[in-house]
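# Structural overview for review
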Amino acid sequence: MDIKRQPTYFETDAGTLFGWLHTSTEVPVKECAVVICPPLGYAYMTTHRILRHLADEFARCGFPTIRFDYSATGDSGGEAFVADQINLCSQNIISVCQQAKAISGCAQVCCAGFGLGASFAMISASLTQIDYLVLWEPAIKGRRFVRELKGLSGVLNKSDNAESNEIPEAVGLFLTEFFERELNQLDLLGVVPAQTSAVLLSCNEESTLTDKFESHLEQAGIAHKKILYSGYEDMLILASETIVPVEAIATQVNWLAGQVTSICAETKPLDSDKFPTGKKLSGYCPGFDNENVDIVNKKYEEQWLQFGEHNELFGVLSVGCNPSKPASTMVVFLNCGTEHHVGPHRMYTDFSRRLVALGYACFRMDIIGVGDSVVVEGEKENESYPAGAIENIRLALADLKQLTGCNEFVLTGICAGAYHSFKACADIDEFNIRVAILANPLVFHWQETEAEKSKTNVDQMNEAKRYKSIVFKWSSWKKLFGGGVNITYISQLMVARLKAIVLSTFSVTASEKSKNVTASLLRIRKLKRKLFIVQAEDDFGYKILMTDAKKEANKAIKQGDITIQFIDSADHGLTKYRMREDLFAIMSQRLQEL
């Protein structure tokens, strides 16, 4: 069944939000629109694909569905460190619900949220009429949620040596003093969605807290149902390892279909004049503390682009609003693993808007099968190294050159994005690619064969052990057990994440015996292009490069064709704000030296 996904920007009182409308023209439209409410932080990245599938299934059943990014998250307007974040996200949901009904012509609306998104949906329903709620793993007690976040963050990250002046982060969330206070005050047992007809509670296990929540709904006179599902731990590991919980999604969609049986009078929402066709977002470029920085643009403008033979590829273009100084150089950000185009910790969105201030245009894109570049149904998705990546990049450069007039390009990305930048720099010769900036590369040659996947060596096993030692530090476990957190939940997540790290490490070994890296370096140098490798001090991309092509790499380093710089006290995932700031400072300096 054909699902149409239409990107757009929504104008709200809190600023411009980015979102997608999912519809199907092959089934009657039911009298209820659905708004997907995402979580925040690490869970936002790992569930992005899952919530896209959820939106597709709601649309396939006849529910016009919107998924969107809150203010200061994803592709929406606004920057980090938002005050009153819970209220802001709840108001965003209310605004999108209003627009969902206006766009679709539906009289009713359902909010389907995951994690904190489910909590925000519940709060929104206490402030306005939301007819149905699908609450998927809601954070019922904020204080407990914060405790679990801190415990999990202490295990996953090298936090024991964190500097006292670092901005506090826990699993991708900035836990500022204000936001932590907000979360600690969150208590869904005191929230009553008085105008909601029915609630579905979707949980991975029974608990005393969910029993109390059901009793709360019962006392409020709200019809409700609880379902248990499997596969929770497979939703929150590395994005490249996530598994879509098909049965859980089907149960949620079927529940809503059982609640809403009437058909909407307006059967073709996308043909309505009410549909917001907004393609652009604008805002002020994030500021710079360094007074010596030459600010070219004070404002940025962004627009979404769909390209490819069937418009199957997606990206977001950022340009300056100073017509007297158009950008001549385009920085293209490529997916980190299978995390979508906003980048880990929203890094690509932030970097793009800041680089616009320095006079560059930027494009953050999804390669096929990743993020919002959706494959044809039945084809394989969510691969970090898909075979069509180079052709995707070639198509993007062609369209960007024609659209913006930029005559030179810089390719960059983290981890898998570094690999794609490296390969495109070697294989695409029809465009002026000045440099590839490779952040924490793990692979310089990839060949998807079972024989290569099985290869291991002592060096790579040592790296797996290093990650394991970080994960299972005794000091971190003491914090974990001392905090009274949900040990079962965290231990399941930890085992899954460690498995993903080890598997990805073994995949890296496929490149170590390859002779193709030398050929790639020769092509890059023949095209008079540069490589700039930025690496966390404990990472091993440089070591792999020296294993793969030591002679040619050393020659390129001596002649200035390859430059390497390390980020002190950083990890592979750049999990701390300071690490990401160091990367941006290095990247922006290198760009200005071109």
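Note: the structure precedes this text.
Now for a look at the structure at hand. (Residues numbered from 1 in each chain as written. Predicted model: local features only at pLDDT ≥ 70, side-chain atom pairs only at ≥ 80, totals over all residues. Heavy atoms only, no water.)

### A word on the overall build of the protein
Note the cut-off: In DSSP terms, a helix is any run of H or I states spanning at least four residues, a strand is any run of E spanning at least two, and both are numbered starting from the N terminus. Buried, partly exposed and exposed residues are distinguished by accessible area as a fraction of the type maximum, computed with a 1.4 Å probe on protein chains only: under 20%, between the cut-offs, and over 50%, respectively. In this description, contact between two residues means that some pair of their heavy atoms is separated by no more than 4.5 Å. In these tables, accessible area is a Shrake-Rupley quantity obtained with a 1.4 Å probe, and a residue counts as shielded only by the protein chains included in the view.
Counting its regular elements, the protein contains 18 helices and 19 strands. For the protein, the proportion of its 594 residues judged to be buried stands at 59%. Partitioning the contacts of the protein with sequence separation of at least 6, the portion at a separation of at least 24 is 77%. Carbon and sulfur atoms make up 49% of the accessible area of the protein, which totals about 23700 Å².

### A short note on the side chain of Ser 318
Defined as follows: N or O atoms within 3.5 Å of each other form a polar contact, as long as, within protein, one can give a hydrogen and the other can take it, and as long as residues adjacent in sequence are counted only when both atoms are side-chain atoms.
Note that Ser 318 resides in strand β13 (residues 313-320). Among the polar contacts listed, one links the side chain of Ser 318 to the side chain of Arg 364, at a separation of 3.3 Å. When near neighbours in sequence (up to four residues on either side) are disregarded, Ser 318 contacts Glu 301, Glu 302, Ser 352, Val 356, Tyr 360, Ala 361, Cys 362 and Arg 364.

### Section: the packing of helix α9 (residues 347-357) against helix α18 (residues 577-592)
For clarity, the threshold we go by: Lines fitted to C-alpha atoms define the axes, with helix axes restricted to the stretch in contact, and inter-axis angles between N-to-C directions lie between 0 and 180 degrees. Just so you know how the angles are binned, under 35 degrees is roughly parallel, over 145 roughly antiparallel, 65 to 115 roughly perpendicular, and the rest oblique. In this scheme the crossing of two helices becomes right-handed for a clockwise turn of the near helix relative to the far one and left-handed for an anticlockwise turn of less than a right angle. Side-chain classes follow a simple rule in which Ala, Val, Leu, Ile, Met, Phe, Trp, Tyr, Cys and Pro form the nonpolar group, Asp, Glu, Lys and Arg form the charged group, and the remainder, Gly included, forms the polar group.
Across the interface, α9 lies against α18 with an axial gap of 11 Å and an inter-helix angle of 40 degrees. Overall, the two elements α9 and α18 adopt an arrangement that is oblique. Considering only the axes of α9 and α18, their crossing is right-handed. Between α9 and α18, the contacting residues are Met 347, Asp 350, Phe 351, Arg 354 and Leu 355 on the first element and Arg 580, Glu 581, Leu 583, Phe 584, Met 587, Ser 588 and Leu 591 on the second. For the contact of α9 with α18, the class distribution of residues is seven nonpolar, one polar and four charged.

### Concerning the sheet that holds strand β9 (residues 198-203)
Inclusion rule: At least two DSSP bridges between two strands are needed for those strands to be called paired.
Pairing within the open sheet is mixed, and its eight strands lie in the order β1-β2-β4-β3-β5-β6-β9-β10. Whereas interior strands pair on both sides, the edge strands pair on one side only; in this sheet they are β1 (4-12) and β10 (223-228). On average, adjacent strands in this sheet sit at an angle of 20 degrees to one another, irrespective of strand direction. Taken together, the three bridges between strand β3 (residues 32-37) and strand β4 (residues 65-68) define a ladder with parallel strand orientation. Bridging across to β4, Val 34 finds its partner in Thr 65.

### Some words on the pattern of salt bridges
Here the idea is simple: oppositely charged side chains can pair when their charged atoms come close. How we decide: Definition used for salt bridges: Asp or Glu carboxyl oxygen within 4 Å of a side-chain nitrogen of Lys or Arg.
Following the criterion strictly, the structure yields 32 salt bridges and no others. The partner of Arg 52 in a salt bridge is Glu 381, and the shortest N-O contact between them spans 2.8 Å. Of this pair, Arg 52 sits in helix α2 (residues 48-60) while Glu 381 sits in the loop between β15 (361-366) and α10 (389-404); the two residues are 329 residues apart in sequence, bridging distant segments of the chain. By relative accessible area, Arg 52 is classed as buried at 2%.

### Looking at the sheet that holds strand β16 (residues 408-414)
If you walk across this open sheet you meet the nine strands as β11-β12-β13-β15-β14-β16-β17-β18-β19, and the pairing is mixed. In the strand order of this sheet, the two ends are held by β11 (280-284) and β19 (562-567), each with one partner. Within this sheet the neighbouring strands show an average axis-to-axis angle of 20 degrees, counted without direction. Across six bridges, strand β18 (residues 530-536) lies against β19 in parallel orientation. Within the sheet, the bridge partner assigned to Leu 531 lies in β19 and is Ile 562. Contacting β14 (329-334), β16, β17 (433-439) and β18, helix α11 (residues 416-427) runs over the sheet at an angle of about 150 degrees to β16.

### Side note on the pairing of β13
Summarising burial for β13: six of the eight residues are buried, a large majority. Here strand β12 (residues 299-307) runs beside β13; their pairing, made up of eight bridges, is antiparallel. Considered in β13, the bridge of Glu 302 is made with Ser 318. Turn length for the β12-β13 hairpin, with the two strands adjacent in sequence and antiparallel, is five residues, and the turn residue Gly 308 shows positive phi of about 100 degrees. Summarising the sheet, β13 and β15 pair through five bridges and their orientation is antiparallel.

### What about helix α3 (residues 85-104)?
The condition that has to hold: What a helix is expected to span follows from its residue count: subtract one and scale by 1.5 Å.
With 20 residues, α3 ought to run about 28 Å at 1.5 Å a step, and its terminal C-alpha atoms sit 28 Å apart, in line with that. A large share of α3 lies buried, amounting to 15 of its 20 residues.

### Thoughts on the packing of aromatic side chains
Cut-off, in case you're wondering: Put simply, two rings from Phe, Tyr or Trp (the six-membered ring, in Trp's case) pair if the centres are within 6.5 Å, and we call them stacked under 30 degrees between planes, edge-to-face over 60, tilted for the rest. Two limits define a charge over a ring: the Lys NZ or Arg CZ must be within 6 Å of the ring centre, and within 35 degrees of the ring normal.
One pass over the full model with this rule turns up 18 aromatic pairs. Considering the side-chain rings of Phe 68 and Tyr 70, the 5.3 Å spacing of their centres and the 85 degrees angle between planes classify their relative orientation as edge-to-face. Considered together, Phe 68 and Tyr 70 belong to a single accessibility category, that of buried residues. Counting every residue linked through ring pairs, the aromatic cluster contains Tyr 9, Phe 18, Trp 20 and Phe 314. Taking NZ or CZ as reference, Arg 354 lies 4.1 Å from the ring centre of Phe 584, over its face.

### Side note on the environment of Glu 11
One can find Glu 11 in strand β1. The class for Glu 11 is exposed, based on a relative accessible area of 53%. In this structure Glu 11 touches Thr 16 and Gln 99, once residues within four positions along its chain are discounted.

### Describing unusual backbone geometry
The phi dihedral of Asp 84 falls on the positive side, at around 55 degrees, and the residue is not glycine. Turning to its location among the elements, Asp 84 is positioned in the loop between β4 and α3.

### Topic: the nonpolar core
Applied cut-off: Buried Ala, Val, Leu, Ile, Met, Phe, Trp, Tyr and Cys residues that are joined via side-chain atoms within 4.5 Å together make up what is termed a nonpolar core.
Membership of the largest hydrophobic core comes to 79 residues, with the highest contact counts inside it found for Val 332, Leu 355 and Phe 363. Counting residues per element, this core draws most heavily on α11, at seven residues. Look past the residues within four positions of Val 332 in its chain and what remains in contact with it is Phe 363, Met 365, Leu 397, Leu 400, Phe 409, Val 410, Leu 411 and Thr 412. Core analysis: the next-biggest nonpolar cluster, separate from the first, contains 54 residues, Ala 33, Tyr 42, Tyr 70 and Leu 217 among them.

### Here's the deal with the packing of helix α16 (residues 516-526) against helix α17 (residues 541-558)
Where α16 meets α17, the axes come as close as 8 Å, and the angle between the chain directions of the two elements is 30 degrees. As the angle between them shows, α16 and α17 are arranged roughly parallel. The crossing of α16 and α17 is right-handed. Across from Val 517, Thr 518, Leu 521, Leu 522 and Arg 525 in α16, the residues of α17 making contact are Leu 545, Asp 548, Ala 549, Glu 552, Ala 553, Lys 555 and Ala 556. Per-class residue counts for the contact of α16 with α17 are seven nonpolar, one polar and four charged.

### What about the state of the cysteines?
Operational definition: We call a pair of cysteine sulfur atoms a disulfide whenever their separation is within 2.5 Å.
Here the structure, examined in full by the defined rule, presents zero disulfides. For the unlinked cysteine Cys 32, the closest cysteine sulfur is that of Cys 110, found at 5.5 Å.

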